[in-house]
Amino acid sequence: QVQLVESGGGLVQPGGSLTLSCAASGSFFFVNAMGWYRQAPGKQREWVAGSTSGGGRNYADSVKGRFTISRDNGKNTVWLQMNDLKPEDTAVYYCQAGVRLDLRSSTSDYWGQGIQVTVSS
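Residues numbered from 1 in each chain as written. Predicted model: local features only at pLDDT ≥ 70, side-chain atom pairs only at ≥ 80, totals over all residues. Heavy atoms only, no water.

## Things to note about the nonpolar core
Right, on to step 1. Core analysis: the biggest nonpolar cluster contains 32 residues, and Leu 20, Trp 36, Val 48, Phe 67, Leu 80, Met 82 and Tyr 93 have the highest contact counts within it.
Right, on to step 2. At the level of secondary structure, the elements contributing two or more residues to this core comprise strand 1 (2-7), strand 3 (18-26), strand 4 (30-39), strand 5 (46-51), strand 7 (67-72), strand 8 (77-82), strand 9 (91-100) and strand 11 (115-119).
Right, on to step 3. Broken down by element, the residue count for this core peaks at five residues, all from strand 9. (Core = buried A, V, L, I, M, F, W, Y, C linked by side-chain atoms within 4.5 Å. Buried < 20%, exposed > 50% of the residue type's maximum accessible area, 1.4 Å probe, protein only. Helix = DSSP H or I, 4+ residues; strand = E, 2+ residues; numbered from the N terminus.)

Here it is in structure tokens:
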């Protein structure tokens, strides 16, 4: 019913930049919060940044000042601009969205398939 498709990952040198994008598609009523998580090898998945439908934005301390989250509500798309990337940013990045399928349903979480970001010289 809801698909989240991520793009934009890859290999980048330390200090470089990448922009991830995630588009929600399918049959649904409303997309509420959208955000990004990441999971490095051997570590638990961690929250990176979030964006509410009203324009609020929040960041994990580890990425504050380097990453910027933005979204287009009309396109149900969220981006993550990542600057000054560090080797410790290497991880699989996941898009997450809180979606209401119809007017009477509650919000449920949906996830993208994940996209690899590797920061290495």
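## Section: unusual backbone geometry
Right, on to step 1. Located in the positive-phi region is Asn 76, a residue other than glycine, with phi close to 50°.
Right, on to step 2. Position of Asn 76 relative to the elements: it lies in the loop between strand 7 and strand 8.
Right, on to step 3. At Asp 84, a position not held by glycine, the phi torsion is positive, near 50°.
Right, on to step 4. You can see Asp 84 is positioned in the loop between strand 8 and strand 9.

## Thoughts on the sheet that holds strand 1
Right, on to step 1. A sheet is described by the order of its strands in space; here four strands give the open sequence 1-3-8-7, paired in antiparallel fashion. Each edge of the sheet is formed by a strand with only one pairing partner; in this case those strands are strand 1 and strand 7. With strand direction ignored, the average angle separating the axes of adjacent strands in the sheet is 15°.
Right, on to step 2. Pairing analysis gives six bridges linking strand 1 to strand 3, with the strands arranged antiparallel. Of the residues in strand 3, the one forming a bridge with Glu 6 is Cys 22. (Pairing = 2+ DSSP bridges. Axes fitted to C-alpha atoms, helices over the stretch in contact; angles between N-to-C directions.)

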